[in-house]
Amino acid sequence: MLLASFITFLLMFACIGLASARVSKGSVGDYYLASRSVKAWLVGLSAVATNNSGYMFIGVIGYTYVEGLASVWLMIGWLVGDFVGSTFAHNRLRGAAKANGDVSYISVLNNWNGQGAPYLQRLMGLLALTFLLAYASAQLVAGSKALFVLLDWPTYLGATVGAVIIMGYCLAGGIRASIWTDAAQSFVMILAMSILLVVAVASVGGVGDAIAKMDAIPHYLSVMPQDLVVPGWGGLGLFVLGWFVAGLSVIGQPHIMVRFMALEDTRRYNVARCWYYSWFTIFYCMATAVGMLARILLPDVDAFDAELALPTLALKMLPTVLVGLILAGIFAATMSTADSLVLSCSSTLSHDIFPASDKFTPKQKLIIAKLATVAIAVAALVWALTNKQSVFGLVLMAWSTLGSAFAPLLIVLAFGAKPLASTRAAMIASGVAACLLWRYFGLQGAIFEGVAGISAALIIFLVHTYIIRRAAAKAA
């Protein structure tokens, strides 16, 4: 029954994705950007499903299980940072993409205001490809972990199943298939989390008893995180600032931002945001609550991997058919992000790093795009099968590096600056270097490494711009 329930949902997602091929226009622009014809509600649901990845079902719930109520600061910081970024970046990015006819996030950043260069586009493409692949592999790992707990499948099998399904419907319908399946997956995800939340609360005797039992665990209801490098309220401020920047870094994630580039009408942008933030807030609150309830219902902290708290709880609390729903929800979360990452990598590979010659026909360019998709899916699977890092750690590394590379550049472009290609390259290099060095020296425990990366890039922009202007003034 469990396997049948799970397979039913997988087939539903696959059929939705394959059905999108019926409205495909057979062009690269349609394959990667759905001809900029996606409805606002689909954009919002697709973006939130892509954001609420295996990181949410596996990583965040595992972190909340260990940390307790203090994990709520992660949610608050992230949501506020994400919202602030959306007020100035999303719509302007979509406008720039339409003005230049670009189909990839990287090409928009390069061609914005006509100040880019081919070498810069390739540099950004290589960087994006590397860390988007790492991110995609983490999603396949998250899905395989759930299948290991609930179906006792070996991890390689779960990752392979996910990669094959994603490859199939992405080849059929491109980003339209990804967006359509994302929307269906977002409903399954929130339904699965709702059922588990209701059952968990009932199992502990209601909200009052749940709070009393949590209060009996030392520090579990404290708002002060226990692992702060800098103690006290100053350390908490740095912690929240770090997660604010993590949320702001959404604007540096190609696989999420391309959803807003596909919006049919910029006048419907606020409708898309309404769907996105409503769904995101509800889902995040439920995930936090389930993580805390899991600590009561699975009190033996050392008995299992904390990142397996949700599937373990589902197996313990729910009838078989509902366990299948939970498993489908987890797998949907990983697939909704992995397919987006695979397509973003594909567009980067075929459009930014190795752009197809103008001598190729539109049909030949589409074939190249699909071959790139196959290559990326296989590469992500290989990475997942050899990965040794936690889902939480790998996603944060990829997220912070991409955010440090691209968010500062999008910020200055969105506010009307016209940095030269050399300035853009310097910003990207300094942002990535600062972010990775911060992590290398273990300083991310004090504050999220994206703070260092984004700050460094913005400082380089100011300094580089000042030097260029001063040199120009002297020459005049």
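Calculation rules
Residues numbered from 1 in each chain as written. Predicted model: local features only at pLDDT ≥ 70, side-chain atom pairs only at ≥ 80, totals over all residues. Heavy atoms only, no water. Helix = DSSP H or I, 4+ residues; strand = E, 2+ residues; numbered from the N terminus. Rg over C-alpha atoms; globule rule 2.2 N^0.38 Å. Buried < 20%, exposed > 50% of the residue type's maximum accessible area, 1.4 Å probe, protein only. Areas by Shrake-Rupley, 256 points an atom, 1.4 Å probe, with all protein chains shown as cover. Lys, Arg positive; Asp, Glu negative; His and termini not counted. Charge placed at Lys NZ, Arg CZ, Asp CG, Glu CD. Phe/Tyr/Trp six-rings, centres within 6.5 Å; stacked < 30°, edge-to-face > 60°. Lys NZ or Arg CZ within 6 Å of the ring centre and 35° of its normal. Patch = residues over 30% accessible without salt bridge, like charges linked within 9 Å, V, L, I, M, F, W, Y side chains within 5 Å. Salt bridge = Lys/Arg side-chain N within 4 Å of Asp/Glu carboxyl O. Core = buried A, V, L, I, M, F, W, Y, C linked by side-chain atoms within 4.5 Å. Contact = heavy atoms within 4.5 Å. Axes fitted to C-alpha atoms, helices over the stretch in contact; angles between N-to-C directions. Parallel < 35°, antiparallel > 145°, perpendicular 65-115°, else oblique. Left-handed = near helix turned anticlockwise from the far one by under 90°. Expected span 1.5 Å × (residues − 1).

Moving on to the overall build of the protein chain. Each helix and strand counted, the protein chain has 19 helices and zero strands in total. Against the globule reference of 23 Å for 476 residues, the protein chain gives a C-alpha radius of gyration of 22 Å, in line with a compact fold. Expressed as lengths along the three principal axes of its C-alpha atoms, the size of the protein chain is roughly 75 × 55 × 40 Å. Here the protein chain holds 476 residues, and the buried ones make up 60% of them. As displayed, the protein chain offers around 17,700 Å² of accessible surface, 69% of which is attributable to carbon and sulfur atoms. Distance from the positive charge centre (28 side chains) to the negative charge centre (19 side chains) of the protein chain: 16 Å.

All chains considered together, the criterion is met by 18 aromatic pairs. A centroid spacing of 4.8 Å and a plane angle of 35° characterise the contact between Phe88 and Phe415, whose relative ring orientation is tilted. Taken together, the residues span a long stretch of sequence, with Phe88 in the loop between α5 (72–86) and α6 (90–100) and Phe415 in the loop between α17 (391–414) and α18 (421–440) at a distance of 327 residues. Using a relative accessible area of 11% as the deciding quantity, one classes Phe88 as buried. Overall, the relative accessible area of 55% leaves Phe415 in the exposed class. Centroid distance Tyr276 to Phe280: 5.7 Å. Interplanar angle 70°. Geometry classified as edge-to-face. Taken together, the residues Tyr276 and Phe280, both in helix α13 (residues 269–297) and four residues apart, mark about one turn of the helix. Here Tyr276 and Phe280 have matching classes, each one buried. Above the ring of Phe415, the side-chain terminus of Arg92 is found at 5.6 Å from the ring centroid. A cation sits over an aromatic face here: Arg295 above Tyr65, 5.7 Å from the ring centre.

Okay, a nonpolar patch on the surface next. A cluster of nonpolar side chains, namely Leu437, Tyr440, Phe441 and Leu443, defines an oily patch on the protein surface of about 470 Å² accessible area. Tracing the backbone through its elements, the reader meets Leu437 in helix α18. Looking at Leu437, the relative accessible area reads 46%, which means it is partly exposed.

For the rest of this paragraph, the subject is the nonpolar core. Among the nonpolar cores identified, the biggest contains 184 residues, and Phe57, Tyr105, Met193, Ile251, Leu310, Phe406 and Leu410 are the most heavily contacted of them. Here the element with the most residues in this core is helix α9 (residues 155–203); it accounts for 21 residues. With residues near it in sequence (within four places) discarded, Phe57 still touches Met189, Met193, Phe283, Leu310, Gly329, Ile330 and Ala333.

Within the element layout of this structure, Ala128 appears in helix α8 (residues 118–151). The exposure class assigned to Ala128 is buried, which follows from its relative accessible area of 0%. Separated by 180 residues in sequence, Ala128 and Leu308 have C-alpha atoms that sit 29 Å apart. Leave out the neighbours within four places in its chain, and Ala128 touches Ile106, Thr348, Leu402 and Phe406.

With that settled, consider the side chain of Arg176. Its location among the elements puts Arg176 in helix α9. Here Arg176 falls in the buried class, since its relative accessible area comes to 7%. Contact partners of Arg176, with chain neighbours within four places excluded, come to Ser20, Val23, Ser24, Asp30, Ala34 and Ser37.

So, on to the environment of Ala136. Along the chain, Ala136 turns up in helix α8. Here the alpha-carbon distance between Ala136 and Gly168, two residues 32 residues apart in the chain, equals 16 Å. When residues no more than four places from it in sequence are discounted, the contact partners of Ala136 are Leu341 and Ala380.

The next point concerns the packing of helix α15 (residues 320–353) against helix α16 (residues 362–386). To describe two helices that pack against each other, one gives the angle between their axes and the distance between the axes. At a minimum axis distance of 8 Å, the contact between α15 and α16 shows a crossing angle of 125°. For the element pair α15 / α16, the angle class is oblique. Crossing of α15 against α16: the hand is right-handed. Each of Val342, Leu343, Cys345, Ser346, Leu349 and Ser350 in α15 lies in contact with α16, whose residues at this interface are Ile368, Ala369, Ala372, Thr373, Ile376 and Ala377.

As a further point, take α15. The periodicity of an α-helix, 3.6 residues per turn, causes residues three or four positions apart to be oriented the same way. Counted at 1.5 Å a residue, the expected span for α15 with its 34 residues is 50 Å, and the 47 Å between its end C-alpha atoms agrees. A large share of α15 lies buried, amounting to 30 of its 34 residues.

Right, let's get into the pattern of salt bridges. In the structure shown here, the tally under the stated rule is five salt bridges. Residue Asp182 is joined to Arg259 by a salt bridge in which the shortest nitrogen-to-oxygen separation is 3.0 Å. On the criterion of sequence distance, the pair formed by Asp182 in helix α9 and Arg259 in helix α12 (residues 254–261) is long-range, its members being 77 residues apart. Each member of the pair, Asp182 as well as Arg259, carries the same accessibility label: buried. Here Asp265 makes a salt bridge to Arg267, at a shortest N to O gap of 3.0 Å.

On to helix α19 (residues 449–475). Compared with the 39 Å implied by 1.5 Å per residue over 27 residues, the 39 Å span of α19 between its first and last C-alpha is a close match. Residues Glu449, Gly450, Val451, Ala452, Gly453, Ile454, Ala456, Ala457, Phe461 and Thr465 constitute the buried set of α19.

Time to look at unusual backbone geometry. Not every positive phi belongs to a glycine, and Ser35 is a case in point at roughly 55°. If you trace the backbone, Ser35 turns up in the loop between α2 (28–33) and α3 (40–51). Positive phi values are uncommon outside glycine, yet Asn113 reaches one of about 65°. Mapping Asn113 onto the fold places it in the loop between α7 (105–111) and α8. Residue Asn113 is classed as partly exposed on the basis of its relative accessible area, which comes to 33%.

In this section: the side chain of Thr64. If you trace the backbone, Thr64 turns up in helix α4 (residues 54–67). Thr64 sits in the buried class, given a relative accessible area of 1%. What Thr64 contacts, discounting residues up to four positions off in sequence, is Ser71, Tyr220, Thr288, Gly291 and Met292.

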